[in-house]
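Secondary and tertiary structure notes
Residues per chain, in single letters:
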2 protein chains.
Amino acid sequence: MNVEYINPFIDATLNVLKTMASFEAFHQTPQLKPDKKTWGVVTGMIGLAGDDVAGMLMLSFDEASILQIVSNLFGTPYTAINDEVTDAVGEITNMICGGAKSALAEKGYKINMATPTMIVGKDVAISQLSTTPIVTVPFEGTVGRFVIEASLTRKKSST
Amino acid sequence: MNVEYINPFIDATLNVLKTMASFEAFHQTPQLKPDKKTWGVVTGMIGLAGDDVAGMLMLSFDEASILQIVSNLFGTPYTAINDEVTDAVGEITNMICGGAKSALAEKGYKINMATPTMIVGKDVAISQLSTTPIVTVPFEGTVGRFVIEASLTRKKSST
């Protein structure tokens, strides 16, 4: 499978979490998304669209990882998934996508970003209308785990 | 509130459902989305992004309306929300958004469309990272009810 677009997202994820939230993580091998469900307890999603490109990026966190990330980000402890944490997931998704944008353009994926959407809940039934497979990259953080999931494809015809 | 962008979505919704699925509907007054939940049992969502525009469109159907629409669309009865119905929701969302695109461009919202995403489940916790309010338009169909929900905003600075 062609996953040339995944590396800019991996790089931006590691970079944003380290610089913004002092949060170190290590990624495992990219794989195809095995189901049609949200992976973690809170998920940030952002639609990607260009003149001849369409796709999306999702970040999905377990409770331990996102509470640590948001606690580090704001310098105050968070112990439950509330609106502030949910909004922070949207901001983080936005920053990672923005961080990947120029590297993606160099690979021929010239994208703009839609408004980030956040979903709270594990195993929420979610699917994409696309023949392009979704690539999942699992990450192990200093605390907890999360995944990034992305698909990006060049459109056959521009409408 | 500035809802100039909502009329192209309303027009395209009525037009797509009538021409593709012989499904008549009447819309009520647009209002602000009152909560952070999916309205219906199945929801299609599409991110909208341009050089200086970001937003999203959601269509959310009750079971009666979407089963009738998909039955009409495919000419065979559907009695439960399955993968075909869910994919059809993504297709319908895509067609409506495509139908609204040129009218939106005339109003200064030049957008491209991300990959449609479908969520199955009522009252799924979903929110947007945006200060722009989400406009909800309730529709009454010949069978059942559905809503369209949209937000679209010009970005202050292009990144």
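These remarks concern the structure in this document. (Residues numbered from 1 in each chain as written. Chains lettered and ligands numbered in written order. Predicted model: local features only at pLDDT ≥ 70, side-chain atom pairs only at ≥ 80, totals over all residues. Heavy atoms only, no water.)

What about the overall build of chain A?
The criterion, for reference: Note on conventions: DSSP H or I runs of at least 4 residues are helices, E runs of at least 2 residues are strands, and numbering of each starts at the N terminus. For this measure, only C-alpha atoms enter the radius of gyration; the expected value for a globule follows 2.2 Å times N^0.38, where N is the number of residues. Whether a residue is buried, partly exposed or exposed follows from its accessible area with a 1.4 Å probe, protein chains only, as a fraction of its type maximum: under 20%, in between, or over 50%, in that order. Computed with the Shrake-Rupley method and a 1.4 Å probe, the accessible areas treat only the protein chains shown as cover for residues. We treat Lys and Arg as the positive residues and Asp and Glu as the negative residues; His and chain ends play no part in the count. For charged residues, the charge sits on one atom: NZ in Lys, CZ in Arg, CG in Asp, CD in Glu.
For chain A, the count of helices and strands is 3 helices and 9 strands. Starting at the N terminus and walking to the C terminus, you meet the elements of chain A as α-β-β-β-β-α-α-β-β-β-β-β. Rg of the C-alpha trace for chain A: 15 Å, near the compact-globule value of 15 Å for 159 residues, within the 12% margin. With the C-alpha coordinates aligned to their principal axes, the bounding extent of chain A is approximately 50 × 30 × 30 Å. Across the 159 residues that make up chain A, the buried fraction comes to 52%. As displayed, chain A offers around 6800 Å² of accessible surface, 51% of which is attributable to carbon and sulfur atoms. Side-chain charges of chain A comprise 12 positive and 16 negative groups, with the mean position of each set lying 9 Å from the other.

Considerations on unusual backbone geometry
In this model, S22(A) sits at a positive phi of 45°, which is unusual for a non-glycine residue. Topologically, S22(A) is positioned in the loop between α1 (6–21) and β1 (25–27). Judged by its relative accessible area of 60%, S22(A) falls in the exposed class. Of note in the backbone geometry, D123(B) takes a positive phi value of approximately 60° without being a glycine. Along the chain, D123(B) turns up in the loop between β6 (117–120) and β7 (125–128).

Some points on empty space enclosed by the protein
Operational definition: Only protein atoms enter the 1 Å grid used here. Points where a 1.4 Å probe fits but cannot escape make up a cavity, open sets with protein on both sides within 12 Å along at least five of seven lines make up a pocket, and a residue lines them when an atom lies within 4 Å of a point. Grid points are joined across faces, edges and corners, and a volume is the space filled by probe spheres set on the points. Charged means Asp, Glu, Lys or Arg here, nonpolar means Ala, Val, Leu, Ile, Met, Phe, Trp, Tyr, Cys or Pro, and polar covers whatever is left, Gly included.
This model, assessed by the stated rule, comprises 1 cavity of 30 Å³ or more. Each pocket or cavity is described by its volume, and for the largest cavity that value is around 100 Å³. In this structure, the largest cavity is lined by 14 residues; those nearest its centre are M45(A), G47(A), M45(B), I46(B) and G47(B). Tallied by class, residues from the lining of the largest cavity come to 8 nonpolar, 6 polar and no charged.

Describing the packing of α1(A) against helix α3 (residues 83–106) of chain A
Residues and elements named next belong to chain A. The following threshold applies: Every axis in this analysis is a line fitted to C-alpha atoms, fitted for helices over the stretch in contact. Angles between the N-to-C directions lie between 0 and 180 degrees. Oblique is the label for every angle not falling under 35 degrees (roughly parallel), over 145 degrees (roughly antiparallel), or within 65 to 115 degrees (roughly perpendicular). Helix crossings get a hand from a simple test, with the near helix turned counterclockwise from the far one by less than a right angle marking a left-handed crossing and a clockwise turn marking a right-handed one. By definition in these notes, contact holds between two residues if any of their heavy atoms fall within 4.5 Å.
Following both chains from N to C, one finds α1 and α3 inclined at 130°, their axes separated by 8 Å at the closest point. One element, α1, and the other, α3, form an angle in the oblique class. As for how α1 packs across α3, the hand of that crossing is right-handed. For the pair formed by α1 and α3, the contact residues are P8, F9, A12, T13, V16, L17 and M20 on the first element and I92, M95, I96, C97, G99, A100, A103 and L104 on the second. A per-class count over the contact of α1 with α3 returns 13 nonpolar, 2 polar and no charged.

As for the packing of aromatic side chains
Residue and element names in this part refer to chain A. This is how it is decided: Only Phe, Tyr and Trp rings are paired, with Trp represented by its six-membered ring, and only when their centres lie within 6.5 Å; those with planes under 30 degrees apart are stacked, over 60 edge-to-face, the remainder tilted. Counted as over-ring charges are cases with an Arg CZ or a Lys NZ within 6 Å of the ring centre that also lie within 35 degrees of the ring normal.
If you walk through the whole model with that rule in mind, you get 8 aromatic pairs over all chains. Ring centres of Y5 and Y109 lie 6.1 Å apart, and the angle between their planes is 80°; this geometry places the pair in the edge-to-face category. Taken together, the positions of Y5 in the segment before α1 and Y109 in the loop between α3 and β5 (112–113) put the pair 104 residues apart, joining distant regions of the chain. One aromatic cluster in this structure is built from F61, F139 and F146. In this structure, K122 is placed above the aromatic ring of W39, and the distance from its NZ or CZ to the ring centre is 5.6 Å. The side chain of R154 reaches across the aromatic face of Y109, ending 4.2 Å from its centre.

Some details on α1(A)
All names here are of chain A. What counts here: By this rule, a helix spans an expected 1.5 Å times one less than how many residues it contains.
Here α1 contains 16 residues, and its C-alpha end-to-end distance of 22 Å stays within 8% of the 22 Å for a straight helix at 1.5 Å per residue. Taken together, the buried positions of α1 are occupied by I6, P8, F9, I10, A12, T13, V16, L17 and A21. Immediately beyond the C-terminal end of α1, within one or two residues, lies S22, with a positive phi of roughly 45°.

Remember that the coordinates give geometry; whether it matters functionally is a separate question.
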